[in-house]
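Structural overview
Each chain, written out:
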Amino acid sequence: MWGILFYSVPVTGFCPHGSYGVQDTLRSGFSSVKNEILPSHPLELSEKNFQVNQEKMNFATVRNIQGLHAPLKLQMEYRAARQIQRLPFLQSSNLALDTLRNSDESIGFEDILNDPYQSELMGEPHMMTEYQLGLL
Amino acid sequence: MEIDSISSGSPASPSPLGAQPMQLNGCRSFRSMLGSPDISLANNAYWGIPSRRWDANAWKRQSSSAEQLPVLMSLFGGEMSLLRSPLQPPSPGFSFDLTERNAVLGRLLEGSPPPRPVKTGTTISGMVFRDGVVLGADTRATSGDVVADKMCAKIHRISANMYCCGAGTAADTQKTTDLLASNLALFSLNSQRAPRVLMAASILQDTLYRYGGQIGAHLILGGVDYSGAHLYTVGPYGSVDKLPFVSMGSGSMAALGILEDRYKPNMEVEEAKVLVRDSVQAGIMGDLGSGSNVDLCVITAQAVDYIRPYQESQYTNGRNRKYKYPPGTTALLSEKVVPLRMELVTEAVQRMETH
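All values derive from a computational prediction rather than experimental measurement. Residue indices begin from 1 for each chain and proceed along its sequence in written order. Chain A is the first chain written and ligand 1 is the first ligand written, with later ones labelled in order. Since the coordinates come from a predicted model, pLDDT governs what is reported: local features require at least 70, and pairs of side-chain atoms require 80 or more to be given and counted, while whole-chain, interface and lining totals use all residues. Heavy atoms from the whole structure form the basis of all side-chain values; hydrogens and water molecules are not counted.

1. Remarks on the layout of surface pockets
In this analysis, the protein atoms alone were mapped onto a 1 Å grid. Cavities are point sets where a 1.4 Å probe fits without being able to get out; pockets are open sets with protein on both sides within 12 Å along at least five of seven lines; lining residues have an atom within 4 Å of a point. Grid points are joined across faces, edges and corners, and a volume is the space filled by probe spheres set on the points. For the second largest pocket, the calculated volume is near 440 Å³. Forming the walls of the second largest pocket are 19 residues, and the residues nearest its centre are A:His41, B:Phe94, B:Asp172, B:Gln214 and B:Ile215. Every element with two or more residues in the lining of the second largest pocket is listed here: helix 4 (97–108) and helix 5 (170–191) of chain B. Residues that form the lining of the second largest pocket fall into these classes: nine nonpolar, seven polar and three charged. The helix count covers DSSP runs of H or I at least four residues long, the strand count covers runs of E at least two residues long, and both are numbered beginning at the N terminus. Residues are sorted three ways: Asp, Glu, Lys and Arg are charged, Ala, Val, Leu, Ile, Met, Phe, Trp, Tyr, Cys and Pro are nonpolar, and all the rest, Gly among them, are polar.

Now the structure itself:
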């Protein structure tokens, strides 16, 4: 049972976000029970987890070829690079992380569509910081 | 402070389970890689990461701390946070927020069909001849049953030595080929090498496979690199074929008949151009989704000849009249002038710093 749950891709949770858990139609749009449990687009899950799955695959391959030390060292660098962030409500450039992932030398849809720097919405700063620190 | 308690979490996956998101992720990927709890513990200790046993109790403890947040995915161990905007910045890339809304609206507004994207409904074809590659395409873009564009350009430049014809959804073909061109340009700047056609085909394959056919781009990629002339076809689900001649689009069956009949290896350039033009013409005549002009692109090791149009449509109507009307054509019945009086309320001068 553990093996199955562990390796499965988690379902995205679409729980409503308004007060008392009731859907806030003005802020979050229409809701339906089905859409809160199941993904609404065939690519939603695979896109959400794409980066993570790619990295897992690559680390597993590197581990098989070069030995355990290789992914361990690489993951240490990833962890260090992931910590270079601004406050949660501000956009970070993730330069070190991009360099490690080699995504600074390629352009994909994540650089064109839904650019965080052009986002019209901003998160509430206090809430986001508290959430990040686990105080929420 | 330990590495985990100050970790901030990547934008893509903050966990709702408090201040240890990275450790949780790290544990999971170690375990999935190694498959054995003992080794992961030993190595965690070796690297100075406080080891966390991934057992049922830990899972329950963590999910209880998350009860304050109504999060459904804590049931699944909290791998990816999936909360919407108040607590998480928007993730770049495709956003699927509106698919729910579209589904709900579709149910509410039954009867009115959704708008259809502009497709190219095309005939594109290509073949390898003695010195290089010839690509041909028609120029009609349709949106449902209406011709949306009579002079659509379907042969896209990828690099100086590679061009790509695109059939399917017009936006998808344009964006995919643009991204491919940008990535190849970056590659050639970084590595000081001209990219191979095989590299372009691989990049296309990876991109289109990732999106599982949702990107409707049926492409014919042709070019000449140091290893010769190559022609590839890439399907929307990520299939790649390397062929001497190929045609795609709604008129592909008609075009393929002509190509199958008259293709020979190592043809001369003029003969090859005529053959490709004939194949596209067959598509134009036999398929409603193809029409207007025929564009050709001849790629050799020395030069690229982009001939647009190679052949113009025989069926265009010229404009018979002038549609500009001289002033006074419409009779003026009456005229009323109301002056808009505005008074000056305040006047303020603000100096600008001009350094």
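2. What to know about the side chain of B:Asp138
Residues and elements named next belong to chain B. Within the secondary structure, Asp 138 sits in strand 2 (residues 132–138). Under the scheme applied here, a residue whose accessible area is under 20% of the maximum for its type counts as buried, over 50% as exposed, and between as partly exposed, the area being computed with a 1.4 Å probe on protein chains only. For Asp 138, a relative accessible area of 0% gives the class buried. Here a polar contact means two N or O atoms within 3.5 Å. Within protein one must be a hydrogen donor candidate and the other an acceptor candidate, and residues neighboring in sequence count only if both atoms are side-chain atoms. One polar contact links the side chain of Asp 138 to the main-chain amide nitrogen of Arg 140, over a distance of 3.3 Å. Only 3.0 Å separates the side chain of Asp 138 from the backbone nitrogen of Gly 291, close enough to count as a polar contact. The criterion used for residue contact is that any of the two residues' heavy atoms lie within 4.5 Å. For Asp 138, the residues in contact, after removing those within four places along its chain, are Gly 121, Thr 122, Thr 123, Cys 152, Lys 154, Val 280, Ile 284, Gly 289, Ser 290, Gly 291 and Asn 293.

3. Side note on unusual backbone geometry
Note that the residue after B:Arg308, namely B:Pro309, is joined by a cis bond; omega there is 0 degrees. Its identity as a non-glycine residue notwithstanding, A:Asn94 has a phi of 55 degrees, on the positive side. Note that A:Asn94 resides in the loop between helix 6 (69–82) and helix 7 (95–101). Positive phi values are uncommon outside glycine, yet B:Asn266 reaches one of about 60 degrees. Following the sequence through the fold, B:Asn266 ends up in the loop between helix 7 (252–262) and helix 8 (269–286).

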